[in-house]
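Structural overview
Spelled out from the first residue to the last, the chains are:
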Amino acid sequence: MHNPEYQSVSTVPDPDNVTGQTVVALIGNPNTGKSTVFNGLTGLKQKTANYPGVTVERHTGTIDVGGRPVTLVDLPGTYALSAQSPDEMVAIDVLLGHVESLDRPKAILAVADATNLRRNLFLVTQLAELEIPIVLAVNMVDLAKKKGITTDCAQLAQALGIQIVPIVASSRGGLEPLIEALATAIHGRPPKRTILLPEVHAAAEELWHKLDTAGRHLTPYEVERALIDAHGAAERRFELIAGEPVFAEFQDLRTRLSTGSSLAAMEAKARYDLIDRLLENVETRSEPKMTFGDHLDRVTNRPVISVLLFVLVMATVFQAVFSWATPLMDLIDGTAGYLNDIITDTLPDGALTSLLTDGVIAGVGSVVIFLPQILILFAFIIFLEDSGYMPRVAFMADRMMRSVGLSGQSFIPMLSSYACAVPGIMATRVIPERRDRIATMLAAPLMTCSARLPVYALLISAFVPERYFLSGLLNLQGLVLLGLYLLGILGGIFTALLLKKTALNGPTPTFLIELPPYRLPNFRSVLIKLLAKAKIFLTRAGTVIFTVAVLIWSLAYFPRPQPILDDYDNRRSVAEASLQGDVLDRRLAEIEQLETSALLEQSLLGRTGRFVTPVFAPLGWDWKISTAVIAGFPAREVVIAILGTIYAVGDAENNENALVNRLRSARHPDGSIVFTLPVVVGLLIFYAFCLQCVATIAVLYRETNGWRWPLFAWTYMTALGYAGAWIAYRIGS
Ligand SMILES: Nc1nc2c(ncn2[C@@H]2O[C@H](COP(=O)(O)OP(=O)(O)OP(=O)(O)O)[C@@H](O)[C@H]2O)c(=O)[nH]1
Ligand SMILES: [Mg+2]
């Protein structure tokens, strides 16, 4: 079939081939399975989930196409080539060859959702204007089949002048033919271009010619997109390159060309007319049936029910974190204790034994023990992401977010921050307006990330009694944890409100999100993602936390001055000469404990600790807590390893392995309890607010292009944490 609207146009000047790689760009609407295709082809593990906006930056991988290496670039999803938000800009920049280290793609691998082909073809027909060969992967044919949708791919391919391969990316179906199609496309010809708005096209060519002779280089295509997409990235680029006088002329031209409606609207209408004609004989759809998911949506999208459901889901997560993890945690604790016993039984008393037990086992072990809880949290997060629940929560939260000057679009980044603020901050790239983006970025680190979980869990299991309500359905520890998460949310919302009312004042953004269908997450892929999380956690424990534990141990163990050792040896001799039996044993244990404390007090760590203690004295913290908090600055969960080591070195009776018990029995030199209720509450509040995470600071720096916001965030959050802890301590005592 030859479409009369196709006409040949002159080719774009050959893009500069800087690195000699063969690049293929993977692009398509959001949530169509691009990253799933990418992972399937490259064997890598980029994040995939069932909501739009999962991928926000480009990721590259290498695939073998016909015996030659090809660089495949996974891109953020976009509905059209009129980029508005930073993530969409990434996609356009790659396609146009504006990325320094990456050649312009030799071919485009477009991914479309078979259940929604009409809307997906909007982008595909735009891509067909880029003068790059295209292979279209029509994905999710399994779902289309279930819905009674059939597509005649061969006929559509002929009409569009591109190759089309039907695939099921999630089960790797059709990936082989896809690679074969790519092999042909890389050396093939681009599809013929359809001119949808001939007048705009002609005007753009003319303007381009003028600019080009004036030595300002853009492509005719870029000029055309700049004309059509008002306020888009292409327009900004045009303004930058063309300069002020030409830009004014350009705006006049746009006004003249717009007949009744905007150029973008004219383009959309012409494009959808074209697509409807294309699809007329290609796609057949049976009568739409209400699916289970549709029924679920009817119920769960009601305002009151959706809020109740969300609270229920959250409450379940926190109950699960505490009650399901216990057996596994006991197992890890038991193993650590067993290792400890073996070492103390086989090695002589001394530095090596202390390093292994007090440094490595107590330090790394006190962090590793939280693995089960972290995995339960992640299992829930992955389940929520893959099921399609995330965007629905964002939709529900839209109204609440509006009251603080943001919108539901800020909610997914904030929810992602439950795992970690770093991907959460990255996820703000879907937000077009810079003000809203920054306000969300600064709220994100206040959400309770998974590194806070061990800190909370340690203090909660040490100091919150294990009490059950409603015949075992609710437990107090889970409720306290839920409260801390709510505190984080409140902190985040307050921060966003504060910023949107002051430095980042601006209109409330509008929020549009496509609700993907509910899907039952694939057990295998959830498991794979979970194992990846476990690996990350354990690698960290084996590297960063191990190093910190050994370092802190040596600071806490050395030096060991002879006079102190001699002094306590003397006391031992005196006791042995004058006492007997049980009394002697008790006296010896007491001397041992006093000696250990004395040694710790004058160790390098103890001496440094005394410097920082005054800073935290108003919060009721002793030098051990203060030192641990300061040394835990680079990553908050490290504080546990440090406490683990300090208390192990400072504990003469090595039989008490669990850090929880050591914290419970910690005493000041005058015999009073260290972890009183006001101190514990203060610590919890401090950790809810403070920004103890170098990775977050680094990503804030990168995403805001400067030190201003990361410095502000650190100061602001630390001040908030300190003030909160101080108030708790004051009120409590
Ligand atoms: N049933 C079915 N599900 C699929 C298929 N391909 C991908 N999915 C699921 O669709 C969801 C979206 O997949 P992603 O690969 O994250 O989509 P994406 O296009 O990269 O999304 P963005 O990065 O947000 O633009 C995931 O939950 C996948 O498991 C398929 O062929 N069939
Ligand atoms: Mg993706």
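These remarks concern the structure in this document. In this convention, every chain numbers its residues from 1, walking through the sequence in written order. As a convention, the first chain written is A and the first ligand written is 1, with the rest following in written order. Thresholds applied to this predicted model are a pLDDT of at least 70 for local features of residues and 80 or more for the giving and counting of side-chain atom pairs; totals over whole chains, interfaces and linings are not thresholded and use all residues. Each side-chain value is derived from all of the structure's non-hydrogen atoms; neither hydrogens nor water enter the calculation.

Right, let's get into a nonpolar patch on the surface. Candidates for patches are residues over 30% relative accessible area with no salt bridge; among them, like charges are joined within 9 Å and nonpolar side chains (Val, Leu, Ile, Met, Phe, Trp, Tyr) within 5 Å. Surface accessibility follows the Shrake-Rupley procedure with a 1.4 Å probe radius. Residue values consider only the protein chains on display as shielding. What counts as a salt bridge is simple: a side-chain nitrogen of Lys or Arg found within 4 Å of a carboxyl oxygen of Asp or Glu. A cluster of nonpolar side chains, namely Phe469, Leu470, Leu473 and Leu479, defines an oily patch on the protein surface of about 390 Å² accessible area. Looking at where leucine 479 falls in the secondary structure, it is placed in helix α22 (residues 476-501). In DSSP terms, a helix is any run of H or I states spanning at least four residues, a strand is any run of E spanning at least two, and both are numbered starting from the N terminus.

This paragraph deals with the side chain of glutamate 267. Looking at where glutamate 267 falls in the secondary structure, it is placed in helix α11 (residues 263-279). When its relative accessible area of 4% is taken as the criterion, glutamate 267 is described as buried. N or O atoms within 3.5 Å of each other form a polar contact, as long as, within protein, one can give a hydrogen and the other can take it, and as long as residues adjacent in sequence are counted only when both atoms are side-chain atoms. Reaching out from glutamate 267, the side chain makes a polar contact with the side chain of arginine 225 at a distance of 3.0 Å. Ignoring anything within four residues of it in the chain, the contact list for glutamate 267 reads Gln126, Leu196, Leu197, Arg225 and Ile228. For each residue, the accessible area found with a 1.4 Å probe, counting protein chains only, is set against the maximum for its type, and the residue is called buried under 20%, exposed over 50%, and partly exposed in between. Only heavy atoms enter the contact rule, under which two residues are in contact if any of them lie within 4.5 Å.

Pairing between strands is defined by DSSP: at least two bridges between them are needed. Read from one edge to the other, the open sheet built from 6 strands follows the order β3-β4-β2-β5-β6-β8, with strand pairing classed as mixed. Two strands close off the open sheet at either side, each with one partner strand: β3 (59-65) and β8 (163-166). The average undirected angle you get between the axes of adjacent strands in this sheet is 25 degrees. Here, axes are lines fitted to C-alpha atoms. For helices the fit covers the stretch in contact, and angles between N-to-C directions go from 0 to 180 degrees. Packing against the sheet, helix α1 (residues 34-42) makes contact with β2 (23-28), β3, β4 (68-74) and β5 (107-113), and its axis sits at approximately 50 degrees to β3. Packing against the sheet, helix α5 (residues 153-160) makes contact with β6 (134-139) and β8, and its axis sits at approximately 155 degrees to β8.

Any residue with a non-hydrogen atom lying within 4 Å of a molecule or strand is treated as near it. Taken together, 24 residues form the shell around ligand 1, and within it Lys34, Thr36, Val54, Thr55 and Arg519 come nearest. In the environment of ligand 1, an oxygen atom lies 2.8 Å from a nitrogen or oxygen atom belonging to the side chain of arginine 519. Across the complex, the protein chains shield 93% of the 660 Å² of accessible surface that ligand 1 would expose by itself. The set of elements that each furnish at least two residues to the shell around ligand 1 consists of α1 and α4 (141-146). Broken down by element, the residue count for the shell around ligand 1 peaks at 3 residues, all from α1. As a working rule, the residues Ala, Val, Leu, Ile, Met, Phe, Trp, Tyr, Cys and Pro are called nonpolar, Asp, Glu, Lys and Arg charged, and the rest polar, with Gly in that last group. Here the shell around ligand 1 is built from residues that sort into 9 nonpolar, 12 polar and 3 charged.

Helix α20 (residues 434-443) sits mainly inside the fold: 8 of its 10 residues count as buried. Every buried residue belonging to α20 is among Asp436, Arg437, Ile438, Ala439, Thr440, Met441, Leu442 and Ala443, and all of these are buried. The elements touched by buried residues of α20 are α2 (86-96), α18 (411-416), α19 (421-427), α22, α31 (694-704) and α32 (708-732).

Here the focus is helix α6 (residues 175-187). Given a helix with a known number of residues, its expected span is that number minus one, times 1.5 Å. In this model α6 runs 19 Å from its N-terminal to its C-terminal C-alpha over 13 residues, within 8% of the 18 Å that 1.5 Å per residue would give. Turning to α6, its buried residues are Leu175, Leu178, Ile179, Ala181, Leu182, Ala185 and Ile186. Viewed end-on, α6 has its buried residues packed into an arc of 160 degrees, placing them on one side of the element. Residues of α6 that are exposed and point more than 90 degrees away from the buried face comprise Glu176, Glu180 and His187. Regarding the arc, it is the one traced by the directions from the helix axis to the C-beta atoms.

It is characteristic of soluble globular proteins that their nonpolar side chains tend to be buried jointly. Among the nonpolar cores identified, the biggest contains 127 residues, and Leu481, Trp621, Phe675 and Tyr687 are the most heavily contacted of them. No other element matches helix α23 (residues 523-557), which puts 11 residues into this core. Reported domain spans reflect what an automatic or database domain assignment gives. When residues of this core are assigned to domains, at least three fall in each of domain 1 (6-194) and domain 3 (306-501). Non-local contacts of phenylalanine 675, meaning those with residues more than four positions away in its chain, are made with Phe463, Ile625, Tyr647, Leu663, Ala666, Val680 and Leu683. Here the nonpolar core consists of buried residues drawn from Ala, Val, Leu, Ile, Met, Phe, Trp, Tyr and Cys, with membership extended through side-chain atoms lying within 4.5 Å. Ile27, Leu136, Leu257 and Val282 belong to the second largest nonpolar core, which has 69 residues in total.

Another aspect to go through is the coordination of the magnesium ion (ligand 2). Protein coordination at the magnesium ion (ligand 2): the donors are Ser35 (OG) and Thr55 (OG1), at 1.9 to 2.1 Å from the metal. Of this pair, serine 35 sits in helix α1 while threonine 55 sits in the loop between α1 and β3, and the two are 20 residues apart along the sequence. Donor atoms are limited to N, O and S found within 2.8 Å of the metal ion, a distance that becomes 3.2 Å for Na, K and Ca. With water left out, some sites might look partial.

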